[in-house]
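Inside the fold
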Amino acid sequence: MRVKKLFYVLVSLLFVSCHTLKYVPEDKQLLTATSIELKDEEISKKELKNYLRQQPNSRFWGLFRINLGLYNISGQDTSKWINRSLRKIGEAPVVYEELLTQRSAMAMERYLFSKGYFDSDVETRVVSKGRKIRTIYSISPNQAYRINSYTAEINPQDPFHMLIYDALSLSPVRTGDKFDTNLLNEERSRLVSWARNYGYYAVNKDHFSFEADSTLNKNLVDLRLIIQPYLQRNREGISQYGPHKQFRIRNVFFMLDVPSSVYLRNVGLQGAANPFVALSDYDSIPYENYAVVYRDKPFIKPKVLADNCMITPGDYYDARTVNRTYARFNSMQNMKYVNIRFEEIATSDSIFGKEAKLDCYLVLTPGKNNIISMDVEGTNTAGDLGVAGTLTYSHLNLLRGGETFSTSLRGAYEALSSSFLNDYAEFGGEVGLQFPDFKIPFLSREFKKGVDANTNFKISYDNLSRPEFLRTMAAGTVEYTWRKQRLRQNLNLLDLAYVYMPRVDSAFKANYLTDNSYLKYSYEDHFILRTQYGILYSSVPFGVSNRTFFTIRANVESAGNILSLAYSLLGAEKEGNQAYTIGNIPFSQYVKGEFEYTRSVVLNPRNRFAYRVGMGVAYPYGNSKILPFEKRYFSGGANSVRGWSVRTLGPGSYKSSLSTIDFMNQSGDLKLDINAELRSKLFWVLEGGLFVDVGNIWTLRNYDNQPGGQFQFDEFYKQLACSAGLGLRFDFNFFLVRVDAGMKVFDPSGLSAEDRWRIKHIDQWNDFALHLAIGYPF
């Protein structure tokens, strides 16, 4: 009771402090709100708000000024730790300043001018109430100017001018569009990229400018692209203008662990000299058309360097090959730093001719090869507490070719709250070797260089002991992954797993694994030989999360088809359980597909809205009557419908009669998840989350042990579970700790229609679930 009263006191104190003027000077006013009145719906208020030089204190979910409240709670004595801490995590009151309001109006006028509203008008007014004030910006953009024509000064005798002329046919600048300086800057950047992809290394944005003429037309602008000449120095050091030149790569040097301030002299192909400091402590060897500079011994094989370098001597400079070379070497985990530098070579051809020469230096710095890491985590499965740990050793350059060798050991223990005498224990390990290219016979070297790929070979072992059974699984995998810009793909060409069940509890077998039980197969020895293909696409570069983006993930998996076809062609007979076997052990046959769409929308600098729609379906056939247990879907948990603990929801309207987790029956062949979440920055490293989850699982066939679990088109929408809740996240940049509390809103397993709406009469702790996890749920 005392704790409850203390909680109410703290909340009341924080609420009152959000509205106090404790730290606002007597002759000043607290800025409580800013608003924009806009008479043109085509202009984004969100964009205009970025030009406000003064905005009020932030509000959590647009309602409470929690940061201001924390600051106001602090005392005057800043020598005390608690007062300094509250001020650091809080937010000082925003005191109204007229000068900043005027600057905001001027900034918005400049923004509107850049968007083609040359005659816009921004008026400001304030509304005062005591010592509080709010500002209002009334904007009249008037009619926008549009592009009437887009031309360029082209010299048909100049190859560079003709290259730019070809690029104009793909220009995003179109007649009839609004005049927009951002669009013109994008056009300049596009032309620079276009030129640099065709050898014009020295071109930059300063070589392109625009003239805009609006004197002859009403609200129309005539654009003209001006191409500036190339400024170069002659042998006497005198600058002079001339035509733009294409740059050809002369030499490529791999500088292995060589300081970037040190370069070569008298090393290169055809005896070419370089005007840099001599490297007396370094050796060099030629390899094909490249030169490798190193000390003692190259830390990586020259062949691997050449295979991953897209920059070829004799070719014209191409920015695309430079970027791909960066990507290839940065993907090697043994590389600490990668830097590519170009030096222009002064020759008679570069001064008087139409071409110039470049020497390329790939400065590669190795990182640590041997890494040992250890992870320890706490687990909470529906109230059953446990601990898990992983010990991993990695060698990041095992064969001096950028190969990554890794081996790991994992153990877990969980104290079960059920009536079983034994607890949950798991241990296992994995050994893997990753190569930085495609390891497929008969592929040409040119093809391998054209694809950024990795090949993974892995073997693993896992031993799982529960009161109900003891299961061991051994697996081997050959996996290929490759990427192109914002698309990642993976192919598990061969994934073979053997599941061995040395012990099954007799009581468990008698209750659940009878001869006509659909679960029986899941707890027998079996093989799984599968092939899987997956894609991941992101609308922004991977790792970028500070803007609006979406991702699409899809997977297709097939198992047992090759074996089944082979047995059928050989005329083999099925065993007594009507299945083909390998050494009296049946193999699984099924097809499985998954799709997920996720979108994250930036509302403002402190708030983000994210949602996900995901579904998966798996169908056993041929040699299998049911999916292997490890391939079935489950619902509930930290990344699904968070009003339920993991594996406690579904399938369909099925309601378990057990007081513990009914993991045997609460699994299915089809899954649907729909999640929405509002994420808001609070203070310090804390973030708040408000979420709603909808979803469930179903079976494709009707099983006696799962009444109400089969998917029906005219019933499934009535069986969608719903939960809502609040979350608290600790964002430490390199990882995020998440605590989510979910509450059941609609439970499809309720006995009556009224009982299913749990939000109307929440009367038990079972209607809530608490989740501790790492990272966002989606």
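Residues numbered from 1 in each chain as written. Predicted model: local features only at pLDDT ≥ 70, side-chain atom pairs only at ≥ 80, totals over all residues. Heavy atoms only, no water.

**Re the overall build of the protein**
For the record, the criterion: Segments assigned H or I by DSSP are reported as helices when at least four residues long, segments assigned E as strands when at least two residues long, and all are numbered from the N terminus. In what follows, residue pairs with any heavy atoms lying within 4.5 Å of each other are defined as contacts. For the area figures, the Shrake-Rupley method with a 1.4 Å probe applies, and any residue is considered shielded solely by the protein chains shown.
Looking only at helices and strands, one finds 14 helices and 31 strands in the protein. Sequence separation of at least 24 residues holds for 63% of the intrachain contacts in the protein that already meet a minimum separation of 6. In the structure as shown, the protein presents an accessible area of about 40700 Å², 56% of it carried by carbon and sulfur atoms.

**Topic: the sheet that holds strand S10 (residues 283-287)**
Here is the rule we go by: Paired strands, in this sense, are two strands between which DSSP finds at least two bridges. Between N-to-C directions, angles span 0 to 180 degrees; the directions come from axes that are lines fitted to C-alpha atoms, helices contributing only their stretch in contact.
Within the open sheet, the 5 strands sit side by side as S10-S11-S9-S13-S12. Their pairing is mixed. The open sheet has two free edges, formed respectively by S10 and strand S12 (335-345), since each of these has just one partner strand. Here the average twist between neighbouring strands, direction ignored, is 25 degrees.

**Section: the layout of surface pockets**
Formally: Only protein atoms enter the 1 Å grid used here, on which a cavity is any set of points holding a 1.4 Å probe that cannot leave and a pocket is any open set flanked by protein within 12 Å on both sides along at least five of seven lines; residues with an atom within 4 Å of a point are listed as lining. Grid points are joined across faces, edges and corners, and a volume is the space filled by probe spheres set on the points. Three categories are distinguished: nonpolar for Ala, Val, Leu, Ile, Met, Phe, Trp, Tyr, Cys and Pro, charged for Asp, Glu, Lys and Arg, and polar for the others, with Gly belonging to the last.
Empty space within the second largest pocket amounts to approximately 810 Å³. Lining the second largest pocket are 32 residues, with Ser545, Phe549, Ser600, Arg608 and Tyr776 sitting closest to its centre. Residue assignment for the lining of the second largest pocket shows that the elements contributing at least two residues are strand S21 (526-538), strand S22 (549-559), strand S25 (590-604), strand S26 (607-620) and strand S27 (670-681). Broken down by element, the residue count for the lining of the second largest pocket peaks at 6 residues, all from S25. Grouping the constituent residues of the lining of the second largest pocket by class yields 12 nonpolar, 11 polar and 9 charged.

**A look at the sheet that holds strand S4 (residues 146-152)**
Taken together, 3 strands build an open sheet; the order of strands is S4-S6-S5 and the sheet is mixed. For this open sheet the edge positions go to S4 and strand S5 (208-213), each flanked by a neighbour on one side alone. In this sheet, neighbouring strand axes are inclined to one another by 25 degrees on average, regardless of whether the strands run parallel or antiparallel. Each of S4, S5 and strand S6 (220-227) touches helix H6 (residues 159-168); the most contacted strand, S6, lies at about 145 degrees to it. Sitting on the sheet, helix H7 (residues 181-196) touches S4, S5 and S6, and the angle it makes with S5 is about 145 degrees.

**Considerations on helix H9 (residues 319-330)**
The line we're drawing: What a helix is expected to span follows from its residue count: subtract one and scale by 1.5 Å. We call a residue buried when its accessible area falls under 20% of the maximum for its residue type, exposed when it is over 50%, and partly exposed in between, using a 1.4 Å probe and counting protein chains only.
The end-to-end C-alpha distance of H9, which contains 12 residues, comes to 16 Å, matching closely the 16 Å that a straight helix rising 1.5 Å per residue would cover. Here H9 has its buried residues at Ala319, Val322, Thr325, Arg328 and Phe329.

**Focus on the packing of helix H3 (residues 66-73) against helix H4 (residues 81-89)**
Test applied: For classification purposes, an angle smaller than 35 degrees is called roughly parallel, one larger than 145 roughly antiparallel, one from 65 to 115 roughly perpendicular, and anything else oblique. For a crossing to be left-handed, the near helix must be turned anticlockwise from the far one by less than a right angle; the clockwise case is right-handed.
Close contact between H3 and H4 brings their axes to 8 Å; oriented N to C, the two are set at 160 degrees. Taken together, H3 and H4 sit at an angle that is classed as roughly antiparallel. In this structure, H3 meets H4 at a crossing whose hand is left-handed. In this structure, H3 uses Asn67, Leu70, Tyr71 and Ile73 to contact H4, whose residues at the interface are Leu86, Arg87 and Ile89. Looking at side-chain class alone, the contact of H3 with H4 contains 5 nonpolar, 1 polar and 1 charged residues.

**Observations regarding the confidence of the model for the protein**
The criterion, for reference: Here pLDDT means the predictor's own confidence in every residue, given as a number from 0 to 100.
Overall, the predicted model of the protein reaches an average pLDDT of 84, with 88% of residues at or above 70. Looking across the protein, the model is least confident in helix H10 (residues 348-352), with a mean pLDDT of 51, and most confident in S22, with 94. Contacts of residues 264-278 to residues separated by more than four positions or lying in other chains number 34 contacts, the stretch itself having pLDDT below 50.

**Concerning the pattern of salt bridges**
Quick reminder of the rule: The salt bridge definition used is simple: a Lys or Arg side-chain nitrogen within 4 Å of an Asp or Glu carboxyl oxygen.
Counted by the stated rule, this structure contains 32 salt bridges. A salt bridge links Arg224 to Glu153, with the nearest nitrogen and oxygen atoms 2.8 Å apart. Highlighted residues: Arg224 in strand S6 and Glu153 in the loop between S4 and H6, separated in sequence by 71 residues. The structure contains a network of salt bridges with shared partners spanning Arg642, Glu677, Arg679, Asp693, Arg729, Arg738 and Asp740.

**Thoughts on the state of the cysteines**
Put simply, the rule reads: Two cysteine sulfurs form what is called a disulfide whenever their separation falls within 2.5 Å.
All chains considered together, the criterion is met by 0 disulfides. Counting only cysteine sulfurs, Cys360 is the nearest neighbor of Cys309, a cysteine outside any disulfide, at a range of 6.2 Å. Look at Cys309 and you get buried, because its relative accessible area is 0%.

**Considerations on empty space enclosed by the protein**
Over the atoms, a rolled probe matching the size of one water molecule traces out where space is still vacant. Scanning all chains against the criterion turns up 3 cavities of 30 Å³ or more. The calculated volume of the largest cavity comes to roughly 70 Å³. Lining the largest cavity are 13 residues, and of these Ser58, Arg59, Phe60, Arg606 and Lys681 lie nearest its centre. Only H3 and S27 provide two or more residues apiece to the lining of the largest cavity. In the lining of the largest cavity, the residues fall into 5 nonpolar, 4 polar and 4 charged. In this structure, the second largest cavity encloses a volume near 50 Å³. If you go around the second largest cavity, the residues you meet are Phe469, Arg471, Val499, Met501, Ser522, Tyr523, His526, Phe629 and Glu630. Of all the secondary structure elements, the ones that give two or more residues to the lining of the second largest cavity are strand S19 (469-484) and strand S20 (487-504).

**Topic: the packing of aromatic side chains**
Worth spelling out the cut-off: Aromatic rings from Phe, Tyr and Trp, with only the six-membered ring used for Trp, were paired whenever their centres fell within 6.5 Å, and each pair was classed as stacked if the ring planes differed by under 30 degrees, edge-to-face if by over 60, and tilted otherwise. Remark: a charge is flagged as sitting over a ring if the NZ atom of Lys or the CZ atom of Arg is within 6 Å of the ring centre and within 35 degrees of the ring normal.
Evaluated as defined, the whole model comprises 35 aromatic pairs. A centroid spacing of 5.4 Å and a plane angle of 70 degrees characterise the contact between Phe118 and Phe179, whose relative ring orientation is edge-to-face. Separated by 61 residues along the polypeptide, Phe118 in the loop between helix H5 (98-114) and strand S2 (121-129) and Phe179 in the loop between H6 and H7 bring together distant segments of the chain. Since its relative accessible area comes to 7%, Phe179 is described here as buried. Members of the aromatic cluster, joined through ring pairs, are Tyr537, Phe550, Tyr597, Phe609 and Tyr611. The positively charged end of Arg320 is found above the aromatic ring belonging to Tyr198, 5.7 Å away from the centroid. Arg679 extends its terminal NZ or CZ atom over the ring of Tyr776, reaching a point 4.1 Å from the ring centre.

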